[in-house]
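Below, each chain spelled out in residue letters.
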Amino acid sequence: MSKLVTIFGGAGFLGRYIARRMAQDGWRVRVAVRRPNESMFVQTYGVVGQVAPVFCNIRDDASVRAVTAGADVVINCVGTFDAKGKNNFEAVQAEGAARIARIAAAEGVGQMVHISAIGADAESDSEYARTKAAGEAGVLEHMPGAVILRPSVLFGPEDDFFNRFAKKVRFGPTLPIAGGETKFQPVYVDDVAAAAQLAAEGKAPAGVYELGGPDVNTFRELMEQMLEVVQRRRMIVNLPFWAAGFAAWSLDLLQTITLGLFHNTVLTPDQVKQLRADNVVSEGAKGFDDLGIVPTSVEALLPEYLWPYRPSGQYAAIKNSAGNLKA
């Protein structure tokens, strides 16, 4: 019988790419999510019965144990940007990760792959970064042979980075950002999935790998690149951190006043803290080179999925060609 992998958060942005790769390589895939009825699309990644979405709440021991039992490998892709509520940073990224590792060890699971993030730091001002570091520590406490992957900002067709800003520039003459000079090393989501697959199959030595794309750019440069792809002219306004912090605080206050009817997904105070630090691979860190993976550039992929945000959408190339003929 083929081996079984349980992927926590396997229907999310990164998780679905990992699930597809594992299924294509012949694994039985158990996709552990909070809303399995909304994750039925993962079944198409394999033959009938090969990929199954199942319910799991990583805040509950019994729930985690139920989806871990019998697995040869577990992969944890669960993360959050919510500082409040039941599924907050501490509950999901610290306690949840440690719970998965503890139960995986107790169930005799052979390998664990944990998705963390570049910038994970127990001493960071950002609670997101601190809980990412706490999650790593919890994983290694119970599964010392685990592979931990720390990607920079992920990009790809379903991303919440370039797509989010491309939507914003459809309206208005400006694009406000914070941390315009902060450096990023965007990494293609399927390249990270390939790294996770290697780790799951025992083809990557235990340890921490920092995963970044081939290019390092400032936030402003990435937005300029996005604007060029979507063929729109907008003035990029770089907010000073004090102004960004006030805006984030105001948005959080609005969420509180409306009792959650308005959910702040625009900019949070913790995100402002994260933007103060570069999000790039550390010097001397293990990465794609150690895994034999050549990362994909942003430039090569953005036009493949941002074209819907162009003024002429899918007809932009035809319109441009027609313009050249008239000239």
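Numbering of residues begins from 1 in every chain and follows the order in which that chain's sequence is written. The predicted nature of this model means local features are confined to residues of pLDDT at least 70 and side-chain atom pairs, given and counted, to a pLDDT of 80 or more, with totals for whole chains, interfaces and linings taken over all residues. To get the side-chain values, take all heavy atoms of the structure and skip hydrogens and water.

Draft legend 1. The environment of Arg30, seen in detail. Every helix listed is a DSSP run of H or I at least four residues long, and every strand listed is a run of E at least two residues long, numbered separately from the N terminus. Relative to the helices and strands, Arg30 resides in strand β2 (residues 28-33). Summary of the burial criterion: residues with accessible area below 20% of their type's maximum are buried, those above 50% are exposed, and those between are partly exposed, where the area comes from a 1.4 Å probe applied to protein chains only. Judged by relative accessible area, Arg30 falls into the buried class, the value being 19%. Each C-alpha atom, one on Arg30 and one on Leu4, is 7.3 Å from the other, the two residues being 26 residues apart in sequence. From its side chain, Arg30 meets the backbone oxygen of Val67 in a polar contact 2.5 Å long. Counting of polar contacts relies on pairs of N or O atoms within 3.5 Å, with two restrictions inside protein: one atom must be capable of donating a hydrogen and the other of accepting it, and residues adjacent in sequence are counted only when both atoms are side-chain atoms. Within the structure, Arg30 has its side chain in polar contact with the backbone oxygen of Ala69 (distance 3.0 Å).

Draft legend 2. Summary view of a positive patch on the surface. Every patch collects residues that have over 30% relative accessible area and no salt bridge, joining them within 9 Å if they carry like charges and within 5 Å if they are nonpolar side chains (Val, Leu, Ile, Met, Phe, Trp, Tyr). Where accessible areas are quoted, they stem from the Shrake-Rupley method and a 1.4 Å probe; at the residue level, only the protein chains shown are allowed to cover. One speaks of a salt bridge when a side-chain nitrogen belonging to Lys or Arg is within 4 Å of a carboxyl oxygen belonging to Asp or Glu. Charge assignment in this entry is limited to Lys and Arg as positive and Asp and Glu as negative, and neither His nor the chain termini are counted. One atom stands in for each charge, and that atom is NZ of Lys, CZ of Arg, CG of Asp or CD of Glu. On the surface, Arg34, Arg35, Arg59 and Lys86 cluster together into a positively charged patch. Residue position: Arg35 is located in the loop between β2 and β3 (51-55). Classification of Arg35 by relative accessible area gives partly exposed; the value is 46%.

Draft legend 3. Representation of the packing of helix α7 (residues 219-230) against helix α11 (residues 298-306) within the structure. Two elements in contact, α7 and α11, have axes whose closest approach is 10 Å; the angle formed by their N-to-C orientations is 45 degrees. By the criterion of interaxial angle, the relationship of α7 to α11 is oblique. Like other packed secondary-structure pairs, α7 and α11 cross with a definite hand, here right-handed. Of α11, the residues touching α7 (which contributes Gln225, Met226, Val229 and Val230) are Val298, Glu299, Leu302, Pro303 and Leu306. Asp, Glu, Lys and Arg are counted as charged, while Ala, Val, Leu, Ile, Met, Phe, Trp, Tyr, Cys and Pro are counted as nonpolar; the rest, among them Gly, fall into the polar class. Counted by class, the contact of α7 with α11 contains 7 nonpolar, 1 polar and 1 charged residues. All axes are obtained by fitting lines to C-alpha atoms, using only the stretch in contact for helices, and the reported angles, taken between N-to-C directions, cover 0 to 180 degrees. Put simply, angles under 35 degrees are roughly parallel, angles over 145 are roughly antiparallel, angles from 65 to 115 are roughly perpendicular, and the rest are oblique. What makes a crossing left-handed is the near helix being turned counterclockwise from the far one by less than a right angle; a clockwise turn instead makes it right-handed. Contacts: residue pairs with any heavy atoms within 4.5 Å of one another.

Draft legend 4. Representation of the environment of Thr258. Position of Thr258 relative to the elements: it lies in the loop between α8 (241-257) and α9 (269-274). Taking the C-alpha atoms as reference points, Thr258 and Leu301, separated by 43 residues in sequence, lie 39 Å from one another.

Draft legend 5. Focus on α8. Given a rise of 1.5 Å per residue, 17 residues ought to cover 24 Å, and the 24 Å separating the end C-alpha atoms of α8 matches this to within 8%. For α8, the set of buried residues is Ala243, Ala244, Ala248, Asp252 and Gln255. Contacts made by the buried residues of α8 are with β8 (174-178), β13 (235-239) and α9. Backbone geometry just after α8 places Leu259 at a positive phi near 55 degrees. Here the expected span of a helix is defined as 1.5 Å times the quantity of residues minus one.

Draft legend 6. Examining the packing of helix α1 (residues 13-24) against helix α6 (residues 189-200) more closely. Two elements in contact, α1 and α6, have axes separated by 9 Å at closest approach and are oriented at 55 degrees. On the basis of the axis angle, α1 is oblique to α6. Crossing of α1 against α6: the hand is right-handed. Every residue of α6 that contacts α1 at Phe13, Leu14, Tyr17, Ile18, Arg21 and Met22 is listed here: Val189, Asp190, Val192, Ala193, Ala194, Ala196, Gln197 and Ala200. For the contact of α1 with α6, the residue count by class is 11 nonpolar, 1 polar and 2 charged.

The quantities given are spatial measurements derived from coordinates; they are silent on function.
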